[in-house]
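# Reading the structure
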Amino acid sequence: VSADVLSPLAKSRLVQSFNKLFDLDLAIIQDAYHSEYLKREKLAEHERSEVRFRRLVEAAACVVFILREDGTLVYLSPYSEEVTGYPSEEVVGCSFPELFVPQVAQEEFSKAIHRTLTGAPTQALETPILCRDGSHRWLVWNARRLDDLEGVPTVLAVGQDFTERREAQER
């Protein structure tokens, strides 16, 4: 239809309709932009939080492991590398119980991990760990569930090495 044929009232309604369509398009674009902005802000906050976590953990003089539900290692702190003798790039993705927990302590350790994953924190669990050189170190563990690391629940386990004190008590 040619614009010459339309009455002034029809032309006015046509212009109003186009304006409403443009307003709707603009609202959709703004909503998409706002959604993308929020997504990027959430990602940036997550990255800042991870940096703070790593700085804190890397400064701590304690053994820190993060384990998946199946017991595989997601993370071990630099101090953990020092105590165990294993570099993280060698053991991340490996089974923590098979590599670090002596056979006599595996059942107790597995139960503690399971309890922690169900939401009950583990406190003051004393277990030995195996080191790369074949020696044992005694640690007292506290563990908490992390609800959303890599999209799944994991366990943050923090251990304090008390091997020397234990050996002195035994002597």
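Structure report, in brief. (Residues numbered from 1 in each chain as written. Predicted model: local features only at pLDDT ≥ 70, side-chain atom pairs only at ≥ 80, totals over all residues. Heavy atoms only, no water.)

## A short note on the overall build of the chain
Helix and strand counts for the chain come out as six helices and five strands. When the elements of the chain are put in sequence order from the N terminus, they spell out α-β-β-α-α-α-α-β-β-β-α. Over its C-alpha trace the chain gives a radius of gyration of 29 Å, far above what one expects of a compact globule, namely 16 Å for 171 residues. Overall, the chain is about 105 × 30 × 25 Å in size when its C-alpha atoms are taken along their principal axes. Each of the 171 residues in the chain was classed as buried or not, and the buried ones make up 30%. Considering only residue pairs separated by 6 or more positions, the chain has 39% of its internal contacts joining residues 24 or more positions apart. (Helix = DSSP H or I, 4+ residues; strand = E, 2+ residues; numbered from the N terminus. Rg over C-alpha atoms; globule rule 2.2 N^0.38 Å. Buried < 20%, exposed > 50% of the residue type's maximum accessible area, 1.4 Å probe, protein only. Contact = heavy atoms within 4.5 Å.)

## Focus: the pairing of strand E2 (residues 73-76)
Bridge count between strand E1 (residues 63-67) and E2: three bridges; the pairing is antiparallel. Across the sheet, Ile66 pairs through a bridge with Tyr75, a residue of E2. What sits between the antiparallel neighbours E1 and E2 is a turn of five residues, in which Gly71 has the positive phi angle 90°. (Pairing = 2+ DSSP bridges.)

## Observations concerning the pairing of strand E5 (residues 152-161)
Burial analysis of E5 places seven of its ten residues in the buried class, the great majority of the element. Direction of pairing for E1 relative to E5: antiparallel, over a ladder of five bridges. From the neighbouring strand, Ile66 faces E5, where its bridge partner is Leu156.

## Some remarks on the pattern of salt bridges
Tallied over the entire structure, the rule returns nine salt bridges. The salt bridge partner of Arg132 is Glu90, with a shortest N-O separation of 2.8 Å. You can see Arg132 sitting in the loop between strand E3 (122-130) and strand E4 (136-149) and its partner Glu90 sitting in helix H3 (residues 88-91), a full 42 residues away along the chain. Relative accessible area serves as the criterion here: at 43%, Arg132 is assigned to the partly exposed category. Under the relative-accessibility criterion, Glu90 is labelled partly exposed at 39%. The residue Glu164 makes a salt bridge to Arg137 at a minimum N-O spacing of 2.9 Å. Separated by 27 residues along the polypeptide, Glu164 in helix H6 (residues 163-170) and Arg137 in strand E4 bring together distant segments of the chain. Owing to a relative accessible area of 48%, Glu164 belongs among the partly exposed residues under this scheme. By sharing partners, the salt bridges in this structure join Glu36, Lys39 and Arg40 into a single network. (Salt bridge = Lys/Arg side-chain N within 4 Å of Asp/Glu carboxyl O.)

## Side note on unusual backbone geometry
Phi at Ala124 is positive, roughly 55°, even though this residue is not glycine. Here Ala124 is to be found in strand E3.

## Description of the nonpolar core
Residues Phe65, Leu67, Leu73, Phe96, Phe100, Phe109 and Trp141 are the most contacted members of the largest nonpolar core, which totals 23 residues. Every element with two or more residues in this core is listed here: E1, E2, helix H4 (96-100), helix H5 (103-117), E3, E4 and E5. Per-element accounting of this core gives the leading share, five residues, to H5. Once residues within four sequence positions are removed from consideration, Phe65 is found in contact with Leu73, Tyr75, Leu76, Ser80, Thr84, Phe96, Phe100, Trp141, Val155, Leu156 and Ala157. The next biggest cluster of nonpolar side chains, apart from the first, holds seven residues, and it includes Ile66, Val74, Tyr75 and Leu156. (Core = buried A, V, L, I, M, F, W, Y, C linked by side-chain atoms within 4.5 Å.)

## What to know about the packing of aromatic side chains
For the coordinates displayed, the defined rule picks out eight aromatic pairs. Judged by centre distance (6.4 Å) and plane angle (75°), the ring pair of Phe109 and Trp141 falls under edge-to-face. Remark: Trp141 occurs in strand E4 and Phe109 occurs in helix H5; sequence separation between them is 32 residues. The residues Phe109 and Trp141 share a single accessibility class, namely buried. Ring-pair connections join several aromatic residues into one group, and the members of that group are Phe65, Tyr86, Phe96, Phe100, Phe109 and Trp141. Sitting over the face of the ring of Trp138, Arg166 holds its NZ or CZ atom 3.5 Å from the ring centroid. (Phe/Tyr/Trp six-rings, centres within 6.5 Å; stacked < 30°, edge-to-face > 60°. Lys NZ or Arg CZ within 6 Å of the ring centre and 35° of its normal.)

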